[in-house]
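# Summary of the model geometry
Residue strings, one per chain:
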Amino acid sequence: IKSSLNNMRAQAELVYDANSRSYATVCSNSNVIAAQNAVNSAGGTWSCADEATEWAAPSPLVGTNAGYYCVDYKGNATTTAASVYSSTAGDVDCD
């Protein structure tokens, strides 16, 4: 799960560069969707939110009290006990 989400960070930057410096289509990018499928296959539950200037993707980790893992446009790659993910417009991030 962590590996797939971490790989998504690099892909998001490629989308940003190819999309006139916008993250608006990160979550619908075919390579990001492949990461989503890998997270889900590993037992996670992938979410993604994107806007022109920000994106974030969290998933619960597998196991008892495993917590959550979240990556975002700020470079965060965070493991926490509870989800700290925000998909509120203008505040899409992991903190």
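Worth saying up front: this structure is predicted, and the values here are computed from it rather than measured. (Residues numbered from 1 in each chain as written. Predicted model: local features only at pLDDT ≥ 70, side-chain atom pairs only at ≥ 80, totals over all residues. Heavy atoms only, no water.)

## A word on empty space enclosed by the protein
- The tally for this structure, following the rule as stated, stands at 1 cavity of 30 Å³ or more.
- The space that makes up the largest cavity amounts to roughly 30 Å³.
- The wall of the largest cavity is formed by Pro58, Tyr68, Tyr69, Cys70, Thr78, Thr80, Ser83, Val84 and Tyr85.
- Sorting the residues of the lining of the largest cavity by element identifies β3 (68-72) and β4 (77-80) as the ones contributing at least two each.
- Examining the composition of the lining of the largest cavity, we find that 3 residues originate from one element, β3, more than from any other.
- When grouped by side-chain class, the residues that make up the lining of the largest cavity number 6 nonpolar, 3 polar and no charged. (1 Å grid on protein atoms, 1.4 Å probe; cavity = no way out; pocket = protein on both sides within 12 Å on 5 of 7 lines; lining within 4 Å. Points joined across faces, edges and corners; volume = space filled by probe spheres on them. Helix = DSSP H or I, 4+ residues; strand = E, 2+ residues; numbered from the N terminus. Nonpolar A, V, L, I, M, F, W, Y, C, P; charged D, E, K, R; others polar.)

## Quick look at the pairing of strand β2 (residues 55-60)
- With 5 of 6 residues buried, β2 lies mostly within the body of the structure.
- As defined by bridge partners, strand β1 (residues 49-50) adjoins β2 across 2 bridges and the pair is classed as antiparallel. Following the sheet pairing, Ala49 is matched in β2 by Ala56.
- Hairpin connection from β1 to β2: 4 residues lie between these consecutive antiparallel strands. (Buried < 20%, exposed > 50% of the residue type's maximum accessible area, 1.4 Å probe, protein only. Pairing = 2+ DSSP bridges.)

## Considerations on the pairing of β4
- In this structure, β3 lies alongside β4, joined through 4 bridges in antiparallel fashion. Along β4, the bridge assignment pairs Tyr68 with Thr80.
- From the end of β3 to the start of β4, which pair antiparallel, there are 4 residues, and Gly75 there has a positive phi angle of about 95°.

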